[in-house]
Amino acid sequence: MSGFESTVSEPGRRHPRPVSTWGALALACSVAVLTGCGSPAGIRPTVQPLAPDAARLEGPRGDARFVAPVSAWWHELGDTELDRLIERALQDNPSMAVARARLARVEAARLQAGGADAPHLQARGELARQRYTEHGLYPYPLAGTVRESGTLQLEGAWELDLFGRQRAELAAAVGEARAAEADAHAAQLLLSTQVARTHVQLARLLSQREVAARLLAQREETLSLIRQRVAAGLDTQVELRQGEASLPDARQQIEALDDQIGQARRALAVLLGQFPDAQDALSPSLARLHALAEPAAIPVDLLSRRADVMAALWRAESAGARVKAARAAYYPNIDLRAFAGYGAIGLDRLIHPGSLQWGLLPAINLPLLDGERREAGLRGSVADEDAAVAHYNQTVLQAVQEVADNLGSGRSLQRQRDEQAKALVASEAAYSLARARYQAGLGSYLQVLTAESAVLNQRRLAVDLHARQIDNQLMLVRALGGSPAAASAPPVASPSSPSTSPASQATGARS
């Protein structure tokens, strides 16, 4: 008899009536759905994603995916030495190896989820030698004998994804894979900007040391002049002691800067995946660094450039897909299993037409009473989606704030540099005049020291403002997800995918 069979009893008669396998499955599905306990109705997310137009931003263009290495934005700085350092860091830094390993692991999980809804086929072969009991299922002549048996057959299985659980799990795995790609891209951008900022910091300290060295030489020259004036009776021991006391202070500043320079070189070497003393001879210069172009306003495609924003979006989508999978648990699972091959007691008859065997084993499964585990799983998935969407919202707001802050600071620093340049010219002129008056005996040495301190402060400030301006531009690179000059360029995208906004994607994950 094939399929299922039911009998209808009438007085005095039995009438067998065959029922097809598919009809029985359909009937069982209907009964299971009607009798299944629990309902996912009423369990919904409560956190809504931010709309991009609320921040005057656009969403990603197409299926934006960060599958390519981060763009070489650092070439715009014009320092070939920095180019070499960043490229080595991206290759050798241990954090990059960790990011690549995580990406490979998530990609493997995506491939595994992608094969869940496909038919599975395997070949099975078994050979056995056993003694059959005299008091069991098998009669004479098998009972009490030792025989060989064998099986050679193909076995197949296919779980019908009628309610979308496997598709939802695959979508969740794809979202996690895309998020991992974005995380790897963000790690590359973070490392490249860290190397550049440390490089700029080292250049700033070296420039400050040059200023301090010029100050020391200037004070030694002035002390020589004071000694000449004391010998000529034009100055007293007071001016001599003041001149001598100024030298240890200048040497102390140089020593402090040398210590900071050593720390910056060691930090840079570690970023490059090297031992701390590997960059002890490195001597960058601020003068070799070109300023980066800054956009006049926040780029409208910021959300398609920021890897952390897109990672948060895709994790929200992945969480929404897991909610769909949790809802599908309220519906029955239908498995189709089949086998065909040969089985025989006695290996000499294994490959024989009479040893052919086959079977079709459909099955349906629906938990009716599970102690509210399905509801708990659904509520947990919904909570995870709310948390993911809230994290996405926070990431968007932080991204917009970082760009706005860096743009505002960049304009302010440029205005400060313009004003400071005027102050430096004036202070140097005042120092030259004070020194000339002192040499001519028309002014005191205290006036020279005061004018010299003003010049020193302005030179230090000039170096600091220059370094701060470049560092601010590097922070803007991180905030924009790439070069400010290419602020309107989209990331690597799939041209065949429709364009959707982050808000619509995150909302679509909930439908």
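One structure accompanies this document, and this report is about it. (Residues numbered from 1 in each chain as written. Predicted model: local features only at pLDDT ≥ 70, side-chain atom pairs only at ≥ 80, totals over all residues. Heavy atoms only, no water.)

Regarding the overall build of the chain
Then comes step 1: When its secondary structure is counted, the chain shows 9 helices and 8 strands.
Then comes step 2: The contacts of the chain with a sequence gap of at least 6 include a subset with a gap of at least 24, amounting to 81%.
Then comes step 3: By element, 57% of the accessible surface of the chain is carried by carbon and sulfur atoms, the whole surface being about 27100 Å². (Helix = DSSP H or I, 4+ residues; strand = E, 2+ residues; numbered from the N terminus. Contact = heavy atoms within 4.5 Å. Areas by Shrake-Rupley, 256 points an atom, 1.4 Å probe, with all protein chains shown as cover.)

Observations concerning the sheet that holds strand S5 (residues 146–160)
Then comes step 1: Strand order in the open sheet formed by 4 strands is S4-S5-S6-S7, and the pairing between neighbours is antiparallel. Since the sheet does not close on itself, it has two edges, and those belong to strand S4 (120–131) and strand S7 (356–365), each with one partner. Averaged over all pairs of adjacent strands, the angle between strand axes in this sheet comes to 20°, irrespective of strand direction. (Pairing = 2+ DSSP bridges. Axes fitted to C-alpha atoms, helices over the stretch in contact; angles between N-to-C directions.)

Thoughts on the side chain of Thr-151
Then comes step 1: Checked against the element boundaries, Thr-151 lands in strand S5.
Then comes step 2: In this structure Thr-151 comes out as buried when scored by relative accessible area, which is 16%.
Then comes step 3: In this structure, Thr-151 is in contact with Arg-124, Gly-125, Glu-126, Tyr-342, Gly-343, Leu-350 and Gln-357, ignoring residues within four places of it in sequence. (Buried < 20%, exposed > 50% of the residue type's maximum accessible area, 1.4 Å probe, protein only.)

Describing the nonpolar core
Then comes step 1: Within the largest apolar cluster, 54 residues are counted, with the highest numbers of intra-cluster contacts made by Trp-73, Val-195 and Leu-286.
Then comes step 2: Elements with a minimum of two residues in this core: helix H2 (80–92), helix H4 (165–231), helix H5 (237–271), helix H7 (373–439) and helix H8 (445–480).
Then comes step 3: Among the elements that take part in this core, H4 stands out by supplying 17 residues, more than any other.
Then comes step 4: What Leu-286 contacts, discounting residues up to four positions off in sequence, is Val-200, Ala-203, Arg-204, Ser-207, Val-463, His-466, Ala-467 and Ile-470.
Then comes step 5: Counting residues in hydrophobic clusters, the runner-up holds 20 residues, among them Ala-182, Ala-312, Val-400 and Ala-479. (Core = buried A, V, L, I, M, F, W, Y, C linked by side-chain atoms within 4.5 Å.)

Thoughts on H5
Then comes step 1: Between its terminal C-alpha atoms H5 stretches 52 Å, which fits the 51 Å expected from 35 residues at 1.5 Å a residue.
Then comes step 2: Gly-273 sits one or two positions beyond H5 and adopts a positive phi of about 75°. (Expected span 1.5 Å × (residues − 1).)

Notes on the packing of helix H6 (residues 307–328) against H7
Then comes step 1: Interhelical geometry of H6 versus H7 gives an angle of 165° and a closest axis separation of 8 Å. Taken together, the axes of H6 and H7 lie roughly antiparallel to each other. For the crossing formed where H6 meets H7, the hand is left-handed.
Then comes step 2: Looking at the contact of H6 with H7 residue by residue, the classes come out as 14 nonpolar, 5 polar and 6 charged. (Parallel < 35°, antiparallel > 145°, perpendicular 65-115°, else oblique. Left-handed = near helix turned anticlockwise from the far one by under 90°. Nonpolar A, V, L, I, M, F, W, Y, C, P; charged D, E, K, R; others polar.)

Some words on the pairing of S5
Then comes step 1: Direction of pairing for S4 relative to S5: antiparallel, over a ladder of 12 bridges. When the bridges of S5 are listed, Arg-131 appears paired with Val-146.
Then comes step 2: Pairing between S5 and strand S6 (residues 333–345): 12 bridges, direction antiparallel. Bridge pairing links Leu-154 to Ala-340 in S6.

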